[in-house]
Amino acid sequence: MTESIRDAIAANAKPLLGKTILMSGGSRGIGLAIALRAAADGANVALMAKTATEQANLAGTVFTAAAEITAAGGQGLAIVGDVRNDEDVLGAVARTVERFGGIDVVVNNASAIDLSKTDDVSMKKYDLMMDINVRGTFLLSKAALPHLRESANGHILTLSPPLNLDPKWAGMHLAYTMAKYGMSMTTLGLAEELRGSGIGVNSLWPATLIDTAAIRNMPGGERLVKAARSARIVADAAHAILTSDARSCSGNFFTDEVVLAAAGTTDFSGYSMGAAESDLVPDIFL
């Protein structure tokens, strides 16, 4: 994997030029950062997200994100849709192929979160997390497979954690843990199922807390953000994975630090939102 990433970087300054990415979510945060990093190469990025209008506490819509992608050097396509809805997902795949001629990359970015204990989590929220996180990841990946098989270097990248059976994480927030691990199980299973197909299937997770609107909106969020890193670190790691050889880079549960270290990065301090490296807050599941 290390050699694959280094070779890709050395071979082409803009390895995603002309490649097409279909991403769930991406109106803001980590998803948008990944999209903008790809756009800097000249990639085509189709975003399927529900956010069609501005929300009071969350900046950005699928339309503003697509405009940012185009301004960054790529071609953005805004698709209003719900990853829980079969017709929306199939329609997003069809629109992406119609506009750009194919699909080279799927990024499963859409995710719902509720860290409540079992007593407190509502079944409505439980169903939401299972439908978006697990079913949505499976469905979007499944729907895009025929087109990924046609790509010269097809990738599926899911933003989900390493599978960690330490009972600590299930005990802290069982419903959310099951939903995120369901995404990771999709990576595990598809990587094995598609072995030999030329499609790389991997998961990526931040090693530390990341500065996002969701964190800033939490109680004490402004304090937490100071102990976080910029979403750029996940975007740079995603770029390294998506430009690697899909045939030799599959079935991995990466953290951003591991990927960038393999690519030769030794100093991560430039990603910090202000805290020293020793004071950064680790992300959950690690």
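Please read these numbers as outputs of a predicted model, since none were measured by experiment.

Engineer: Describe the side chain of His173, listing the residues and the values that go with them.
Structural biologist: Tracing the chain through its elements places His173 in the loop between α6 (167-172) and α7 (174-193). Under the relative-accessibility criterion, His173 is labelled buried at 4%. Contacts of His173, omitting those with residues within four sequence positions, involve Leu115, Ser116, Ile284 and Phe285.

Engineer: Outline the pattern of salt bridges, supporting the account with residue identities and numerical values.
Structural biologist: Tallied over the full model, the rule gives 10 salt bridges. For the salt bridge of Asp41 with Arg37, the shortest nitrogen-to-oxygen distance reads 3.5 Å. Among the charged side chains, a network of salt bridges with common partners joins Arg37, Asp41 and Asp236.

Engineer: Can you explain helix α10 (residues 232-242)? Please cite residues and give values.
Structural biologist: With 9 of 11 residues buried, α10 is to be regarded as a mostly interior element. Of the positions making up α10, those classed as buried are Ile233, Val234, Ala235, Ala237, Ala238, His239, Ala240, Ile241 and Leu242.

Engineer: Break down a nonpolar patch on the surface for me, citing the residues and quoting the values.
Structural biologist: Taken together, the side chains of Leu163, Met185 and Leu188 present a nonpolar region at the surface, about 250 Å² in accessible area. Within the element layout of this structure, Leu163 appears in the loop between β5 (155-158) and α6. On the basis of relative accessible area, Leu163 is assigned to the partly exposed category, the value being 32%.

Engineer: Can you tell me about the packing of aromatic side chains, naming the residues and giving the values?
Structural biologist: To describe a pair of aromatic rings, one takes the distance between the centres and the angle between the planes. Per the stated rule, a full pass over the model turns up 4 aromatic pairs. Consider the rings of Tyr181 and Phe285, whose centres lie 5.3 Å apart with planes at 50°: the pair is tilted. Residue Tyr181 is located in helix α7, and its partner Phe285 is located in the segment after α11 (256-262); the two are separated by 104 residues in the primary sequence. On the basis of relative accessible area, Phe285 is assigned to the buried category, the value being 1%.

Engineer: Run through the nonpolar core, naming residues and quoting values.
Structural biologist: The biggest cluster of nonpolar side chains holds 40 residues, and the ones touching the most others in it are Ile34, Val45, Leu47 and Leu204. Those elements that provide at least two residues to this core are β1 (20-24), α2 (29-39), β2 (44-49), α3 (62-71), β4 (105-108), α10 and α11. With 8 residues, α10 is the single largest residue contributor to this core. Within the second largest apolar cluster, 37 residues are counted, among which are Val89, Val121, Met129 and Leu145.

Engineer: Summarise the packing of α2 against α3; cite the residues concerned and give the values.
Structural biologist: Axis separation between α2 and α3 bottoms out at 8 Å; the angle between their running directions is 25°. Judged on the interaxial angle alone, α3 and α2 are roughly parallel. As α2 runs across α3, the sense of the crossing is right-handed. Every residue of α3 that contacts α2 at Leu32, Ala35, Leu36 and Ala39 is listed here: Ala65, Glu68 and Ile69. By residue class, the composition of the contact of α2 with α3 is 6 nonpolar, no polar and 1 charged.

Engineer: Lay out the packing of α2 against α10 in plain terms, naming residues and giving numbers.
Structural biologist: Two elements in contact, α2 and α10, have axes whose closest approach is 8 Å; the angle formed by their N-to-C orientations is 50°. Considering the angle they form, α2 stands oblique to α10. Handedness of the crossing formed by α2 with α10: right-handed. Of the residues in α10, those in contact with Ile30, Ala33, Ile34 and Arg37 of α2 are Val234, Ala235, Asp236, Ala238 and His239. Looking at the contact of α2 with α10 residue by residue, the classes come out as 6 nonpolar, 1 polar and 2 charged.

Conventions used here
Residues numbered from 1 in each chain as written. Predicted model: local features only at pLDDT ≥ 70, side-chain atom pairs only at ≥ 80, totals over all residues. Heavy atoms only, no water. Helix = DSSP H or I, 4+ residues; strand = E, 2+ residues; numbered from the N terminus. Buried < 20%, exposed > 50% of the residue type's maximum accessible area, 1.4 Å probe, protein only. Contact = heavy atoms within 4.5 Å. Salt bridge = Lys/Arg side-chain N within 4 Å of Asp/Glu carboxyl O. Patch = residues over 30% accessible without salt bridge, like charges linked within 9 Å, V, L, I, M, F, W, Y side chains within 5 Å. Areas by Shrake-Rupley, 256 points an atom, 1.4 Å probe, with all protein chains shown as cover. Phe/Tyr/Trp six-rings, centres within 6.5 Å; stacked < 30°, edge-to-face > 60°. Core = buried A, V, L, I, M, F, W, Y, C linked by side-chain atoms within 4.5 Å. Axes fitted to C-alpha atoms, helices over the stretch in contact; angles between N-to-C directions. Parallel < 35°, antiparallel > 145°, perpendicular 65-115°, else oblique. Left-handed = near helix turned anticlockwise from the far one by under 90°. Nonpolar A, V, L, I, M, F, W, Y, C, P; charged D, E, K, R; others polar.

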